[in-house]
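Analysis of the macromolecular model
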Amino acid sequence: MRSETNDIDIRSDAESIGAGRVVTRHAAGSRLWAEGDEAHHVVLLLAGRCRLTAKTAYGDYTVVELQAPCLVGASEVLSGRARFASLEAIDEGESVQLG
């Protein structure tokens with residue numbers, strides 16, 4: 001659904017895209033997936049912030065920090081490759097798994 005100003009209403013759009021799916025609340029520090037996991041779904045981040053971190057010889061490396069609304073994980077799902085980085089919540093948020 002769009003508002004009169006034609007802005008995206010992420011909650012309404014998520015309900016139509018993710019019909020029958022559950023909005024999941026996640027606490028700060030919770031892991032949504034781990035590096036190396038098989039990629040069977042994407043995550044539509046509705047609220048909050050997350051970071052993608054990859055392991056290196058020198059420790060964990062933050063690849064990118066993401067803020068809602070955004071879609072995460074599509075490249076691995078489309079390519080059939082394992083997750084290249086872990087997805088972790090920076091703060092409390094909400095998301096929907098699609099796929």
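Scroll up a little and you will see the structure.
Report on the accompanying structure.

The rules behind these values
Residues numbered from 1 in each chain as written. Predicted model: local features only at pLDDT ≥ 70, side-chain atom pairs only at ≥ 80, totals over all residues. Heavy atoms only, no water. Helix = DSSP H or I, 4+ residues; strand = E, 2+ residues; numbered from the N terminus. Contact = heavy atoms within 4.5 Å. Areas by Shrake-Rupley, 256 points an atom, 1.4 Å probe, with all protein chains shown as cover. Pairing = 2+ DSSP bridges. Axes fitted to C-alpha atoms, helices over the stretch in contact; angles between N-to-C directions. 1 Å grid on protein atoms, 1.4 Å probe; cavity = no way out; pocket = protein on both sides within 12 Å on 5 of 7 lines; lining within 4 Å. Points joined across faces, edges and corners; volume = space filled by probe spheres on them. Nonpolar A, V, L, I, M, F, W, Y, C, P; charged D, E, K, R; others polar. Core = buried A, V, L, I, M, F, W, Y, C linked by side-chain atoms within 4.5 Å. Buried < 20%, exposed > 50% of the residue type's maximum accessible area, 1.4 Å probe, protein only.

1. Some thoughts on the overall build of the protein
On a plain count of helices and strands, the protein comes out with 2 helices and 8 strands. Reading the protein from its N terminus to its C terminus gives the helix and strand order α-β-β-β-β-β-β-α-β-β. Contacts in the protein between residues at least 24 apart in sequence constitute 71% of all its contacts with a sequence separation of at least 6. Accessible area for the protein stands at about 6,300 Å²; split by element, carbon and sulfur atoms hold 51% of it.

2. Regarding the sheet that holds strand 5 (residues 59-67)
Across the sheet, 4 strands lie side by side as 2-7-4-5; this open sheet has antiparallel pairing. For this open sheet the edge positions go to strand 2 (31-33) and strand 5, each flanked by a neighbour on one side alone. Within the sheet, the average angular offset between the axes of one strand and its neighbour, ignoring direction, is 30°. As judged from the 4 bridges shared by strand 4 (residues 49-56) and strand 7 (residues 86-89), these two strands associate in the antiparallel manner. Looking across to strand 7, one finds that Thr-53 is bridged to Ser-86.

3. What about unusual backbone geometry?
Following Ala-68, the chain continues to Pro-69 via a peptide bond in cis, the omega torsion being 0°. Following the sequence through the fold, Pro-69 ends up in the loop between strand 5 and strand 6 (70-72).

4. Quick notes on empty space enclosed by the protein
According to the stated counting rule, one finds 1 cavity of 30 Å³ or more in the structure shown. Here the largest cavity is characterised by a volume of approximately 40 Å³. Forming the boundary of the largest cavity are Arg-31, Glu-35, Thr-53, Ala-54, Lys-55, Asp-60 and Ser-86. Tallying contributions element by element places strand 4 first for the lining of the largest cavity, with 3 residues. Split into classes, the residues belonging to the lining of the largest cavity amount to 1 nonpolar, 2 polar and 4 charged.

5. Regarding the pairing of strand 4
Both strand 4 and strand 5 contribute to a ladder of 8 bridges, which runs antiparallel. Bridged to Thr-56 within strand 5 is Gly-59. Hairpin connection from strand 4 to strand 5: 2 residues lie between these consecutive antiparallel strands.

6. Digging into the nonpolar core
Counting residues in hydrophobic clusters, the biggest one holds 14 residues, and the most contacted among them are Leu-32, Trp-33, Cys-50, Leu-52, Val-72 and Leu-87. The element best represented in this core is strand 4, accounting for 3 residues. Setting aside anything within four residues of it in sequence, one finds Leu-32 in contact with His-26, Val-43, Cys-50, Leu-87, Ala-89 and Ser-95. Counting 5 residues, the second largest nonpolar core, distinct from the first, contains Val-42, Leu-44, Leu-46 and Val-96.

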